[in-house]
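Chains, contacts and geometry: an overview
One letter stands for each residue in the lines below.
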Amino acid sequence: MIVADNDTLWRLVRPKEARCKLPQVERLIAHADTMAASKLLPQGPGRGFEHPQLSLILKDGDKVLFGLLFGDYGGDKQIYVRDLVRQQDFLAPAKEAEDFEYSADDLADIPLSHVVQ
């Protein structure tokens, strides 16, 4: 989870707190915002969103700017994704999730400054 302390400072706070490198976080944010759905689905249970494999949520205070939950795989090449802002469930290529596989250590070292739009 990435949070905004104010309009210029973001922090990675889960799974553990770490400072963030701007280039990696910008790539994560851009990828989350442009992730291609291969098939839109009606919202429903049984897709693993109660205990997602991955949760990427960007907040400004209590306001969710965007959020993606990755549920159970819907096959070898597809994964369930829920867009929390648009309230959409969809299937996406599993390889799309590879760009989100950063650890807190990968994002550490450089304080992140960025203006929240």
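The coordinates are above.
Residues numbered from 1 in each chain as written. Predicted model: local features only at pLDDT ≥ 70, side-chain atom pairs only at ≥ 80, totals over all residues. Heavy atoms only, no water.

1. Regarding the sheet that holds strand E4 (residues 54-60)
Read across the open sheet, the seven strands follow the order E2-E1-E4-E5-E6-E7-E3; overall the sheet is mixed. Where the open sheet ends on each side, the last strands, each with one partner, are strand E2 (10-12) and strand E3 (39-41). Across the sheet, the axes of successive neighbouring strands diverge by a mean angle of 20 degrees, strand direction being ignored. (Pairing = 2+ DSSP bridges. Helix = DSSP H or I, 4+ residues; strand = E, 2+ residues; numbered from the N terminus. Axes fitted to C-alpha atoms, helices over the stretch in contact; angles between N-to-C directions.)

2. A short note on unusual backbone geometry
A positive phi angle is found at Gln87, which is not glycine, with a value near 55 degrees. Within the element layout of this structure, Gln87 appears in the loop between strand E6 (78-83) and strand E7 (88-93).

3. Points about the nonpolar core
Ranked by size, the top nonpolar core spans 22 residues in total, and within it Ile2, Trp10, Met35, Leu68, Phe70, Val81 and Phe100 carry the most contacts. At the level of secondary structure, the elements contributing two or more residues to this core comprise strand E1 (2-4), E2, helix H1 (22-34), E4, strand E5 (63-73), E6 and E7. Of the residues forming this core, the biggest block, four residues, is contributed by H1. Filtering out sequence-adjacent residues up to four positions away, Phe100 remains in contact with Leu28, His31, Ala32, Met35, Leu54, Leu56, Leu68 and Phe70. (Core = buried A, V, L, I, M, F, W, Y, C linked by side-chain atoms within 4.5 Å. Buried < 20%, exposed > 50% of the residue type's maximum accessible area, 1.4 Å probe, protein only. Contact = heavy atoms within 4.5 Å.)

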